[in-house]
Amino acid sequence: MKKIILAAFLALGMVSSSFALNFSIGAKGLLGANVGTSVDGAMADVTEIVGDAESRANLLYGGGVYVDASLFGPVGLQLGANIGQNKVSVTDDDGNEVSTYKELLLDVPLMIWADFKLGPIGLGLGLGPNLSFSLGTDYTIAGATEAVKALLPEISVNKAVWGITAGANAKIYFNKHLALVAGGSYTLDLQKKEINLSTLQSGSLLEFKRSVLYANLGLEFKLL
């Protein structure tokens, strides 16, 4: 009986050592740009999204926090919460700006994440789904006065869309707990953000699919 109890404790210890090997929290700043955002809808025939160097010059700023937990060896999960901007300029065929779509977003990525440590250097990469919530939107018609804007019909937009995200980073450990983290991530909305006017009956006015690339820099604190 004692041998069975001892074997059970040893087995439990082995399982425990395989899980929760690492638990870290981090904070980071974000700097990004639209790299392939697309637009469809009722205005698609007369407008096009700025998808060249001009749009990439419109940098997007934000910040976020995350929790990184190993589940089996170096492989685990990373859950994040990032708040940042999205800005899309729409132009006519002559390149004149028709409108600028702006919003504040909360991204919640959940990635399968792998961390590898080589001495004072750490490398990580991950992939998973992303849920994006609209915290605030702003629609600006280029050249329109406030009086004209007041006459526009009510605009509606879906508040949350699904997508995918992928990321990678490199860490430099100052000690066994604190590290400087630099990396990049890519987010693609699989579900379209639909913008509708209350008086429009023939489909969405505009439908956006965000495609954005971020660089990030921050600090990570390893608890376990």
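Just so we're clear, the structure is a prediction, and the values are computed from it rather than from any experiment. Per chain, residues are indexed from 1 in the order of the written sequence. Local features in a predicted model are, by the rule used here, given only for residues with pLDDT of at least 70; side-chain atom pairs are given and counted only at 80 or more, and totals for whole chains, interfaces and linings are based on all residues. Only hydrogens and water are removed before side-chain values are computed, so all heavy atoms of the structure are retained for them.

Draft legend 1. Representation of the overall build of the protein chain within the structure. Helix and strand assignments come from DSSP, with helices taken as H or I runs of at least 4 residues and strands as E runs of at least 2, each series counted from the N terminus. Across its full length, the protein chain holds three helices and 13 strands. Only protein chains enter the area calculation, which uses a 1.4 Å probe; residues under 20% of their type maximum are buried, those over 50% are exposed, and those in between are partly exposed. Within the span of the protein chain, comprising 224 residues, buried residues form 33% of the whole. The contacts in the protein chain between residues at least 6 apart in sequence include a share of 72% that link residues at least 24 apart. Here the Shrake-Rupley method, with its probe set to 1.4 Å, supplies the accessible areas, and only the displayed protein chains count as covering residues. Summed over its atoms, the accessible surface of the protein chain is roughly 12,400 Å², and 69% of this surface lies on carbon and sulfur atoms. Residues count as neighbours in contact if any of their non-hydrogen atoms are within 4.5 Å of one another.

Draft legend 2. Quick peek at the environment of Lys87. Mapped onto the elements of the fold, Lys87 is located in strand 5 (residues 75-91). It is 5.6 Å that separates the C-alpha atoms of Lys87 and Tyr101, two residues lying 14 residues apart in sequence. Discounting residues that sit within four places of it in the chain, Lys87 has contacts with Asn34, Asn58, Leu60, Thr100, Tyr101 and Lys102.

Draft legend 3. View of the pattern of salt bridges. Salt bridge, as used here, is a side-chain nitrogen of Lys or Arg placed within 4 Å of a carboxyl oxygen of Asp or Glu. Under the criterion given, the structure shown has five salt bridges. Ionic pairing is found between Arg210 and Asp107, a salt bridge with its closest N-O pair at 2.9 Å. Separated by 103 residues along the polypeptide, Arg210 in the loop between strand 12 (206-209) and strand 13 (211-222) and Asp107 in strand 6 (residues 97-118) bring together distant segments of the chain. Assigned by exposure class, Arg210 and Asp107 land together as buried. For Lys171, the salt bridge identified is with Glu220, shortest N-O distance 2.8 Å. Residue Lys171 is located in strand 9 (residues 160-173), and its partner Glu220 is located in strand 13; the two are separated by 49 residues in the primary sequence. For the pair Lys171 and Glu220, a shared accessibility class is recorded, and that class is buried.

Draft legend 4. Expanded view of the environment of Gln191. Mapped onto the elements, Gln191 comes out in the loop between strand 10 (178-189) and strand 11 (193-197). Measuring from C-alpha to C-alpha, the distance between Gln191 and Trp162 comes to 5.4 Å, with 29 residues separating the pair along the chain. Ignoring sequence-local partners within four residues, the contact set of Gln191 consists of Asn158, Ala160, Val161, Trp162 and Phe208.

Draft legend 5. A look at the confidence of the model for the protein chain. pLDDT measures how confident the predictor is about each residue, on a scale from 0 to 100. Averaged over the protein chain, the pLDDT score is 78; the fraction of residues at 70 or greater is 65%. Counted against residues more than four places away or in other chains, residues 1-6, with its pLDDT under 50, gives zero contacts.

Draft legend 6. Focus on the side chain of Asn216. Summarising the element assignment, Asn216 is placed in strand 13. The contacts of Asn216, once residues within four sequence positions are left out, are Lys28, Gly29, Leu30, Val181, Ala182, Gly183, Gly184 and Ser185.

Draft legend 7. Expanded view of the packing of aromatic side chains. Only Phe, Tyr and Trp rings are paired, with Trp represented by its six-membered ring, and only when their centres lie within 6.5 Å; those with planes under 30 degrees apart are stacked, over 60 edge-to-face, the remainder tilted. Across all of its chains, the model carries zero aromatic pairs by this definition. Geometrically, a lysine NZ or arginine CZ counts as sitting over a ring once it is within 6 Å of the ring centre and also within 35 degrees of the ring normal. Across the ring face of Tyr173, the terminal group of Lys117 is positioned such that the distance to the ring centre comes to 4.3 Å.

Draft legend 8. Spotlight on the environment of Val65. Within the secondary structure, Val65 is located in strand 4 (residues 60-72). It is 9.3 Å that separates the C-alpha atoms of Val65 and Gly218, two residues lying 153 residues apart in sequence. With residues near it in sequence (within four places) discarded, Val65 still touches Gly26, Ala27, Leu79, Gly80, Ala81 and Asn82.

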